[in-house]
Amino acid sequence: MFLKNLSLTNYRNYESLSLSFDGPIQLFIGNNAQGKTNVLESIYVLALAKSHRTPRDKELIAWEADYAAIRSDVLRRYGSVRLELQLTGKGKRAKINGMEQQKLSAYVGALNVVMFAPEDLSIVKGAPAQRRRFIDMEIGQVSPTYLYYLSNYNKVLAQRNQLLKDLAMKKSQSLEMLSIWNTQLADLAVKLLRKRFEFIRKLESWARDIHTGITDGKETLSLHYENSSPVTEGLAPEQAVENMLAAYEEVRDREIMRGSTLIGPHRDDFSLKVNGMDVQTYGSQGQQRTSALSIKLAEIELIKEEVGEYPVLLLDDVLSELDEHRQTLLLETIQNRVQTFVSTTGVEGLKHQVLQQASRFYVKEGTISGER
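Residues numbered from 1 in each chain as written. Predicted model: local features only at pLDDT ≥ 70, side-chain atom pairs only at ≥ 80, totals over all residues. Heavy atoms only, no water.

Colleague: Looking at this structure, how should I read the UniProt feature "binding site: ATP" (unreviewed entry) in the chain?
Modeller: On the UniProt side, "binding site: ATP" (unreviewed entry) is annotated at positions that read G30, N31, N32, A33, Q34, G35, K36 and T37 here. Accessibility expressed as a relative area gives 56% for N31, which makes it exposed. By relative accessible area, which is 15% here, Q34 ends up buried. Contacts of Q34, omitting those with residues within four sequence positions, involve N13, Y14, V363, K364, E365 and G366. Here N32 takes part through its backbone oxygen, which lies 3.2 Å from a polar atom of the side chain of Q34. (UniProt positions renumbered as here; feature names shortened; annotations may be inferred. Buried < 20%, exposed > 50% of the residue type's maximum accessible area, 1.4 Å probe, protein only. Contact = heavy atoms within 4.5 Å. Polar contact = N/O pair within 3.5 Å; in protein donor to acceptor, adjacent residues only side chain to side chain.)

Okay, structure coming up:
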């Protein structure tokens, strides 16, 4: 997978930008707040139709502009694909080879990316919502059906929560309607959970070996899905739905009292353990960084396994966060295999041979020059 070019219109601090790419490594060099991260973010948004930095699309549109647009020709193993994403105050328009996609779930996956930024330590240290978002975004890249189920789940969840609030405030007494929402939500929850179980299992198989290599065999990394419902991996779908429905009945009074759904994928989490100890609670900063790096490198391999080619890697000001050993392992993993975009404030501390051969783009106040 290879981006041949990138075009931005009214995207954050870029009124107009057009770049072409040749080699496997692209270095974007400049001081902070000049627009380096915006370039990498635009590639992420082009792939996933969402930013990793903000949930509000209007923040991606330049000041006083009506829209923002991102375009790129992406070389896939089956040929070249032209991707276009337009962001407006009213929503998004996505095109593949000039054909507008009616659903974003049909668009996401045309370009696969892995983003690694300092804030990705939140996968290890952050709140459960951050890890759920990580799971949803990564599965969605390789499974359009997952995005479809997730969208429907969130819609039904919102309807069910509103009914629970109405029941709590005596605006409704329709337990029959609650039963209908339970049936719909349970079916969708089981579909999501089956995908999540599979994803965590595959991610762990890659991350465990990578982590063992980074730590010279001293540490073993494991991933554990933490479920708020009585649905476990290996249950037949019919039995899983029955378990889910029974759980809704069990917590019904508490849910009505609180006015929200207390169990299901929207409440779940996963934990990372090193040698059996929870990394978030007991891990050192070095162990947390190594665990995050292992997860990111595992993502690359998992996507390759799922789609048959490597994703594009985005390293947003992250190399300075890694010591020389972790830098070397990361760069040797991607060498000559993964097209990589790197943002950095300087190249003085980046001595690896891979980076010396990179194409360089100098970023200053929303302009990019000095390509070589």
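Colleague: I keep staring at helix 5 (residues 144-168) and nothing clicks. Help me out?
Modeller: Taking 1.5 Å per residue as the helical rise, helix 5 with its 25 residues ought to reach 36 Å, and the 36 Å between its terminal C-alpha atoms agrees with that figure. Among all positions in helix 5, only Y146, L150, Y153, V156, L157, R160, N161, L163, L164, D166 and L167 are buried. Of the surrounding secondary structure, the elements contacted by the buried residues of helix 5 are helix 4 (128-142), helix 6 (175-214), helix 7 (237-250) and helix 8 (252-258). One or two residues past the end of helix 5 sits K170, with phi positive at roughly 60°. (Helix = DSSP H or I, 4+ residues; strand = E, 2+ residues; numbered from the N terminus. Expected span 1.5 Å × (residues − 1).)

Colleague: Is there a simple way to explain the nonpolar core in this structure?
Modeller: The nonpolar side chains of a soluble globular protein tend to be buried with one another. Ranked by size, the top nonpolar core spans 118 residues in total, and within it F28 and L111 carry the most contacts. The dominant element in this core, judged by the number of residues it contributes, is helix 6, at 16 residues. Setting aside chain neighbours within four positions, we find L111 in contact with M1, L3, I43, L46, A47, V74, R76, L83, Q141 and V312. (Core = buried A, V, L, I, M, F, W, Y, C linked by side-chain atoms within 4.5 Å.)

Colleague: Please clarify how the pairing of strand 14 (residues 340-344) should be interpreted in this entry.
Modeller: Put simply, side chains in a regular strand alternate between the two faces of the sheet. The element strand 14 is largely enclosed, with a buried count of five among its five residues. Of the two faces of strand 14, both are covered, the one formed by T340, V342 and T344 as well as the one formed by F341 and S343. The β-α-β motif built from strand 13 (residues 312-316), the intervening helix 11 (residues 324-334) and the parallel element strand 14 has right-handed crossover chirality. (Right-handed = clockwise from strand over helix to strand, strands pointing away.)

Colleague: Just to check I follow, could you spell out the sheet that holds strand 4 (residues 25-29) for this structure?
Modeller: Either a parallel or an antiparallel arrangement is found when strands of a sheet pair, and the pairing is made through backbone hydrogen bonds. With mixed pairing, the six strands of this open sheet are ordered in space as 9-13-14-4-15-16. In this open sheet, the two strands that pair with only one neighbour each are strand 9 (113-116) and strand 16 (367-369). Ignoring strand direction, the axes of neighbouring strands in this sheet form an average angle of 20°. (Pairing = 2+ DSSP bridges. Axes fitted to C-alpha atoms, helices over the stretch in contact; angles between N-to-C directions.)

Colleague: Can you walk me through the pattern of salt bridges in this structure?
Modeller: Should the charged atoms of two oppositely charged side chains come close, the side chains can pair. Scanning all chains against the criterion turns up 22 salt bridges. Residue E59 is joined to R56 by a salt bridge in which the shortest nitrogen-to-oxygen separation is 2.7 Å. Note on E59: relative accessible area 31%, which makes it partly exposed. Its salt-bridge partner being E309, residue R76 comes within 2.6 Å of it at the nearest N-O pair. Of this pair, R76 sits in strand 5 (residues 67-76) while E309 sits in the loop between helix 10 (285-307) and strand 13; the two residues are 233 residues apart in sequence, bridging distant segments of the chain. Classification of E309 by relative accessible area gives buried; the value is 7%. Connected through shared salt-bridge partners, R12, E41 and R53 make up one network. (Salt bridge = Lys/Arg side-chain N within 4 Å of Asp/Glu carboxyl O.)

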